Amino acid sequence: MRLRPRYVRYVGQSGQPAIDLSYSFNELAGSYRSAAYGLWSRHSLVGYGATVFELVKQAGHDPFELDGMIRGGPNAYDGLPDLVRRFCTRSEGLKIHSTMSVVELIAPLAVRFDPERVSSSADRVTVAVRAAADVFVANADLNWTVGGTTGEPVRHGSAKLAEREWAHAGGARRSEVDIPVQNGDSTVTAFIVVGDRCADRTTVPMASTASSIRIKAQDALDPGLERFLKWLRPSGEDKSQQFEAAVGLLFFFLGFHVHPLSGHTRRGETVDHLAHAPGSSVLLVIECTVGSLDAGGKVGKLIARSEDLRSRLPDTEVMAVLSTARPREALSKAEVEKAERDDVVLLAQEDLQDLWSAAQTGETSVQVLHRLRQQLSQVRFRRTRLRRTMGSVR
């Protein structure tokens, strides 16, 4: 098999027939990705053999008992699929009874965008890039195209990633690149190119574009957004459904994909909204209340449902959010502490108003996630400081 100027040949066991390996290049942001690895763009050589069932038998084990043996081991994992997910980063695992054995030789281009750290302002879009090591950025460029809806020609630019400043963070290398924009631009599309291969790409709507379109569309149905604003600031506890709808609209205005659940099932059986930040693996689990924070055990139910989703979606960051129509000064201190103790993001009436102002100025879902994380960090810092203070008093 020829890969550019080089050749790769797989030689099987002596006397055995040759094994064909298929080659593909899997771009991280490509519409079709044949390999099962999700960390980086990569060159892949893939070959298949006997079924996993047959190989386990040849190793002297009972295939029907293998998962139980793994679960009962001294360092237990949830069967072979769990082992494969954890050690081979194959998100779908590997089933014993229906999967062919596979050999995959992966050569990663380990540099990519960090979609959760994108920000935009009136004169620039800042994109974050992360890499596994310096070697991956030695021959990498960041190219971009900026366009608008005014009929002006698109503009292009580039930066050599090896010449950027890189910092260590969380076991990886991170850097940022500013892309200049101007009035009338609607989107920025950026590409990471390693050699002659596109390793990743991302499209960033300008700060005012995505949210303003959604707000304008709602304004066409609700002139002046009078109904939305009235529902966001309800006057009584009988307005809970209206408040739920307004909170869902607010996150929709901020660029989230919002799934309202309260109208799909019997009340009390689920949370009010799921909100996904596009281009990220973050899911907000949102509960709304116009009365007491913990009325009907809302806090405990929100925490339990969030934990259930985390267990079912292991590759997703699940954040629990409790929105209340009451101002923060009217909330019970004990209920606030109960929510914050379990890392629930609490949004009181003034916090919702701040988010509405942010939506009007074009704040994106990525920027909102940064806000929520900052709030959680502050709560955790206060808890840590309190524990240290109590410890020193003792």
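Computed from a predicted structure; not experimentally measured.

### Side note on the overall build of the protein chain
Part 1: Each helix and strand in the protein chain was counted, giving 10 helices and 19 strands.
Part 2: Among the 394 residues that make up the protein chain, the fraction classed as buried is 41%.
Part 3: Sequence-distant contacts, at least 24 apart, represent 60% of the contacts inside the protein chain between residues at least 6 apart.
Part 4: For the protein chain, the computed accessible surface area is about 22,100 Å², with 51% contributed by carbon and sulfur atoms.

### Remarks on the packing of aromatic side chains
Part 1: Scanning the model with the defined rule gives 7 aromatic pairs in all.
Part 2: Between F228 and F253, the aromatic rings sit 5.2 Å apart at their centres with planes inclined by 75 degrees, giving edge-to-face as the arrangement. Taken as a pair, F228 in helix α5 (residues 226-232) and F253 in helix α6 (residues 240-253) lie far apart in primary sequence, 25 residues in all. Summarising the burial analysis for this pair, F228 and F253 share the class buried.
Part 3: When the centroid spacing of 5.8 Å and the interplanar angle of 45 degrees are considered together, the rings of F253 and W356 count as tilted. Of this pair, F253 sits in helix α6 while W356 sits in helix α9 (residues 349-360), placing them 103 residues apart in sequence.
Part 4: By relative accessible area, F253 is classed as buried at 0%.
Part 5: For W356, a relative accessible area of 8% corresponds to the buried category.
Part 6: Connected via pairs of aromatic rings, a cluster forms that spans F228, F252, F253 and W356.
Part 7: One cation-aromatic arrangement involves R197 over F25; the distance from NZ or CZ to the ring centre is 4.5 Å.
Part 8: The side chain of R214 reaches across the aromatic face of F252, ending 4.4 Å from its centre.

### Regarding α9
Part 1: When the terminal C-alpha atoms of α9 are compared, their 17 Å separation across 12 residues agrees well with the 16 Å that a helix rising 1.5 Å per residue should span.
Part 2: Where α9 is concerned, the buried positions are Q349, D351, L352, L355, W356, A358 and A359.
Part 3: At the exit of α9 stands G362, carrying a positive phi of roughly 90 degrees.

### Some remarks on helix α7 (residues 298-312)
Part 1: The terminal C-alpha atoms of α7 lie 21 Å apart, and with 15 residues this matches the ideal 21 Å at 1.5 Å per residue to within 8%.
Part 2: All of the buried residues in α7 are V299, L302, I303 and S306. Seen end-on, α7 carries its buried residues on one side only, within an arc spanning 95 degrees. In α7, the exposed positions that point more than 90 degrees away from the buried face belong to S311 and R312.
Part 3: Looking at the packing, one finds that the buried side of α7 touches β17 (282-289), β18 (317-324) and α8 (333-341).

### A few points about the environment of R42
Part 1: Residue position: R42 is located in strand β4 (residues 41-51).
Part 2: Residues R42 and A107, 65 residues apart in the sequence, show an inter-C-alpha distance of 5.4 Å.
Part 3: For R42, the side chain forms a polar contact with the main-chain oxygen of W40, separated by 2.4 Å.

### Side note on the sheet that holds strand β5 (residues 100-109)
Part 1: Pairing in this open sheet of 3 strands is antiparallel, and the strands run β3-β4-β5 from one edge to the other. Looking along the sheet, the strands with just one partner apiece sit at the ends: β3 (22-26) and β5. Recorded for the sheet is a direction-independent mean angle of 25 degrees between the axes of neighbouring strands.
Part 2: Of the strand pairs in this sheet, β3 and β4 are connected by 5 bridges, and their pairing is antiparallel. Paired with N26 across the bridge in β4 is R42.

### Observations concerning unusual backbone geometry
Part 1: A positive phi is found at L225, a non-glycine position, where the angle reads about 50 degrees.
Part 2: Summarising the element assignment, L225 is placed in the loop between α4 (209-221) and α5.
Part 3: With relative accessibility at 6%, the residue L225 sits in the buried group.
Part 4: Of note, D343 is a non-glycine position whose phi angle comes to about 60 degrees, a positive value.
Part 5: Looking at where D343 falls in the secondary structure, it is placed in the loop between α8 and β19 (345-347).

Calculation criteria
Residues numbered from 1 in each chain as written. Predicted model: local features only at pLDDT ≥ 70, side-chain atom pairs only at ≥ 80, totals over all residues. Heavy atoms only, no water. Helix = DSSP H or I, 4+ residues; strand = E, 2+ residues; numbered from the N terminus. Buried < 20%, exposed > 50% of the residue type's maximum accessible area, 1.4 Å probe, protein only. Contact = heavy atoms within 4.5 Å. Areas by Shrake-Rupley, 256 points an atom, 1.4 Å probe, with all protein chains shown as cover. Phe/Tyr/Trp six-rings, centres within 6.5 Å; stacked < 30°, edge-to-face > 60°. Lys NZ or Arg CZ within 6 Å of the ring centre and 35° of its normal. Expected span 1.5 Å × (residues − 1). Arc of directions from axis to C-beta. Polar contact = N/O pair within 3.5 Å; in protein donor to acceptor, adjacent residues only side chain to side chain. Pairing = 2+ DSSP bridges. Axes fitted to C-alpha atoms, helices over the stretch in contact; angles between N-to-C directions.

Treat this as a map of the structure, not an account of what it does.
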